[in-house]
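Coordinate analysis (summary)
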Amino acid sequence: FKYFKNKKLIPQKKIEGNNNKIEVDNSAFLFNCIFDIKGDNNEIIISEFSRFNNVIFYIRGDNNKINIKKNVKFKRSGELWIEDSYCEIFIDDNTTFEGTHLAVTEPFSKIVIGKDCMFAYDIDLRTGDSHSIFDVKTEKRINYAKNINIGNNIWIASHVTILKGVSIMDNSIVATRSVVTKCFIESNVIIGGIPATIIKENIYWDRKRIYSNVD
């Protein structure tokens, strides 16, 4: 880490275990962040020009990986939360967050987020339920964790929940207060509702505001 006179720019590190690695590029900026790790062989990589404000990196388990690519921004706050072993969070270039909770629970599950995505605030993504549900007749568990895959250029509006097993394809939008519970194989769609369904097709979006001409 680079060390600054302002203590809020020096991430708090509460690390217990062996062979845990945190790599932060010199061009990255972390303000009021916490690394809270208990376990062995965990890895956190933060790449060039990324910006993190009020973010908690929380890991409980072994052999987990958080990989943040170039120019990723958490503008307000966030939590990258891993509860078990062999889990992964991957965020690709130029993706931005206002306030998002990313929770990977149970071994071998992961959240993968593509390039140029835009997340608003009060957003929750989780790969599992953190507790077991069983079928009464078979006594078998019915709620194992599943991966979440978010494509490139996805806009997630505020107050959205995305649950285990969801995939969202490129150039799509998830409307405010939606609860997404299944995969969508179509690109260029608006998804909305509880549970979310496709409410509009053949769209694309841009971060720029285009104003209409008023006579």
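Everything in this summary refers to the structure shown in the same document. (Residues numbered from 1 in each chain as written. Predicted model: local features only at pLDDT ≥ 70, side-chain atom pairs only at ≥ 80, totals over all residues. Heavy atoms only, no water.)

1. Some thoughts on the pattern of salt bridges
We count it as follows: Salt bridge criterion: a side-chain nitrogen from Lys or Arg within 4 Å of a carboxyl oxygen from Asp or Glu. Per the convention used, a helix needs a DSSP run of H or I reaching at least four residues, while a strand needs a run of E reaching at least two, with both numbered from the N terminus. Under the scheme applied here, a residue whose accessible area is under 20% of the maximum for its type counts as buried, over 50% as exposed, and between as partly exposed, the area being computed with a 1.4 Å probe on protein chains only.
Taken as a whole, this structure holds nine salt bridges when the rule is applied. Between Glu43 and Lys65 there is a salt bridge whose closest N-O contact spans 3.4 Å. Of this pair, Glu43 sits in strand β5 (residues 43-46) while Lys65 is found in strand β8 (residues 65-68), placing the two residues 22 residues apart along the sequence. Given the relative accessible area of 18%, Glu43 is considered buried. Between Lys164 and Asp129 there is a salt bridge, with the nearest N and O atoms lying 3.0 Å from each other. With Lys164 in the loop between β17 (161-162) and β18 (167-168) and Asp129 in the loop between β14 (123-126) and β15 (148-150), the pair connects residues that are 35 residues apart, well separated along the chain. One network of salt bridges, with partners in common, ties together Lys21, Glu23, Glu43 and Lys65.

2. Details of unusual backbone geometry
In this structure, the amide linkage connecting Ile194 to the following residue, Pro195, adopts the cis form with an omega of -10°. Tracing the backbone shows Pro195 in the loop between β21 (189-192) and β22 (197-201). Positive phi values are uncommon outside glycine, yet Asn54 reaches one of about 55°. Mapped onto the elements of the fold, Asn54 is located in the loop between β6 (51-53) and β7 (55-60). Located in the positive-phi region is Arg177, a residue other than glycine, with phi close to 65°.

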